[in-house]
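# Reading the structure
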Amino acid sequence: MIPEAWLPVALAFLQNPEAPVACTRGPAQATDPLLGSDPRGPVEPRPNSMKTLLAPILLCLSTTALATPAVDGDWVPDFDVAQALVQKGGAHEGKLLLVDFTGSDWCGWCIRLHDEVFAHESWQVAAAKDYVLVSLDFPRSAKLKAEVPNPQRNAELQAKYGVKGFPTILILTPDGEVLGRTGYRAGGPDAYWKHMVDLRKKGEEELAVNRKLVATLSAAEGDAWVPAWQAVVDTLRRSGADRPGSGLLIAGVREAFVRDPQNELGLLAQAVVVSLSIGQADAELLAAAIHVDPKNEAGLREHALHQLVQAATTKADVEAAMPHIAAFHAVGKRWNDEHALKIYLLGAYWAKSILNDLETAKVYASHGLEIGTMNAEYRATLESIAKS
């Protein structure tokens, strides 16, 4: 059963199917007052085990960024401070960002990567020439948690870049575009540096291609615009959201929201479908999905809402999502029982534990039970709320 102490500001650390090269967050520890259960569940469902749903809860306290961060081989613990250093006018303008998403006191593969690669002077000297190093830590000990400058921002970046396991290493442009993504690799500092050089080279080539596609779209007029847009859509559909330049492609796809707002050309619907297929989740996409599929006859409204609630990390996110859950409930049509179940499960839990709306919570819990689930602890949670 989900503990009542579950804090309103939470982020599920999603399981990484590629283990052992990356650690996953694993079950919460009952002895840690900041940990609790999150009913969103893992990417890889394991029936009848709520333990797979347990995730750490980040205490989102804003802290002042370091005014004079250490650089030149040292790791900067604040992403925004590091990004300012490499952008125009910054002290390290022209360098890239090397971002390490790590669990420094619990993730075995993170510790091995540090000891086998990052701690070596040869790697540090090479990296300092080209990168500002950023360490975004998700520790477990109270002492290390207190040293993280901005845990809420780290959680936002984890969600933004789709980080599902630790360590995840990103090579980013000053603007935050991903050039490369990797994790632990055996072989030591020299082999890892060669891997990074190759990764960056391929990433820069792919980014250049995608920038050209987007530039062609921006310059297109009249009848030339739709073919140029279609090329961007097709590329994004093939490559997904994690490839270099994907942020540019996503923005290009979403131009259909403005160019074809009534879906007269079918572009808006296509933009919604491809955006959902790569895991996009925000209010703008949900609004477009509702416009295209208001009665959920194609499941687009449900899919977009499911992704939105799964991505909620703050109380504000929850408060923004609840009216959409109510509207979805009023439509009364389900498309995918798994998606609908998660919507009702989260809606019931949030209504009771965060918004103190027991009546709504019981309605959503009853509908979740009506859908049914093989997960015993999902069912126990819904039954507990329904009987409250």
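Conventions adopted
Residues numbered from 1 in each chain as written. Predicted model: local features only at pLDDT ≥ 70, side-chain atom pairs only at ≥ 80, totals over all residues. Heavy atoms only, no water. Core = buried A, V, L, I, M, F, W, Y, C linked by side-chain atoms within 4.5 Å. Buried < 20%, exposed > 50% of the residue type's maximum accessible area, 1.4 Å probe, protein only. Helix = DSSP H or I, 4+ residues; strand = E, 2+ residues; numbered from the N terminus. Contact = heavy atoms within 4.5 Å. Expected span 1.5 Å × (residues − 1). Arc of directions from axis to C-beta. Phe/Tyr/Trp six-rings, centres within 6.5 Å; stacked < 30°, edge-to-face > 60°. Pairing = 2+ DSSP bridges. pLDDT = per-residue confidence, 0-100. Salt bridge = Lys/Arg side-chain N within 4 Å of Asp/Glu carboxyl O.

This next bit is on the nonpolar core. Residues Trp229, Val253, Val272, Val309, Ile325 and Trp350 are the most contacted members of the largest nonpolar core, which totals 54 residues. Counting residues per element, this core draws most heavily on helix α14 (residues 337–353), at 10 residues. Not counting chain neighbours up to four residues away, the residues in contact with Trp229 comprise Leu217, Gly252, Val253, Ala256, Leu267, Gln270 and Ala271. If you look at the next biggest cluster of nonpolar residues, it comprises 23 residues, including Val81, Leu85, Val99 and Val132.

The terminal C-alpha atoms of helix α15 (residues 358–371), which comprises 14 residues, lie 20 Å apart, in line with the 20 Å expected from a rise of 1.5 Å per residue. Of the residues making up α15, those classed as buried are Ala361, Tyr364, Ala365, Gly368 and Ile371. The buried residues of α15 all sit within an arc of 110 degrees when viewed along its axis, so they share a single face. Turned more than 90 degrees from where α15 packs its buried face, Glu359 and Glu370 sit exposed. Tucked into the core, α15 has its buried residues touching α13 (315–331), α14 and α16 (376–386). Of the residues trailing α15, Gly372 is marked for its positive phi of about 90 degrees.

Our focus in this paragraph is the packing of aromatic side chains. Overall, the coordinates contain 12 aromatic pairs when judged by the stated rule. Ring plane angle 70 degrees and centroid distance 5.7 Å describe the contact between Trp106 and Phe166, whose orientation is recorded as edge-to-face. With Trp106 in the loop between β4 (96–102) and α2 (108–118) and Phe166 in the loop between α5 (151–160) and β6 (168–172), the pair connects residues that are 60 residues apart, well separated along the chain. Between Phe118 and Trp123, the aromatic rings sit 4.6 Å apart at their centres with planes inclined by 45 degrees, giving tilted as the arrangement. Among the residues examined, Phe118 registers a relative accessible area of 3% and is labelled buried. With relative accessibility at 1%, the residue Trp123 sits in the buried group.

For the rest of this paragraph, the subject is the pairing of strand β7 (residues 178–182). For β7, the tally of buried residues reaches 4 of 5 residues, placing the bulk of the element in the interior. Bridge analysis of β6 against β7 gives 4 bridges, and the strand direction is antiparallel. What sits directly across from Ile171, in β7, is Gly180.

Here the focus is the confidence of the model for the protein chain. Scored by pLDDT, the protein chain comes out at a mean of 82, with 81% of its residues at no less than 70. Below pLDDT 50 for its whole length, residues 25–72 participates in 127 contacts with residues either more than four positions away or in separate chains.

Next up on the list: the pattern of salt bridges. In this structure the tally under the stated criterion is 15 salt bridges. Between Glu116 and Arg112 there is a salt bridge, with the nearest N and O atoms lying 2.9 Å from each other. Highlighted residues: Glu116 and Arg112, both in helix α2, separated by 4 residues, approximately one helical turn. Given the relative accessible area of 24%, Glu116 is considered partly exposed. Classification of Arg112 by relative accessible area gives partly exposed; the value is 37%.

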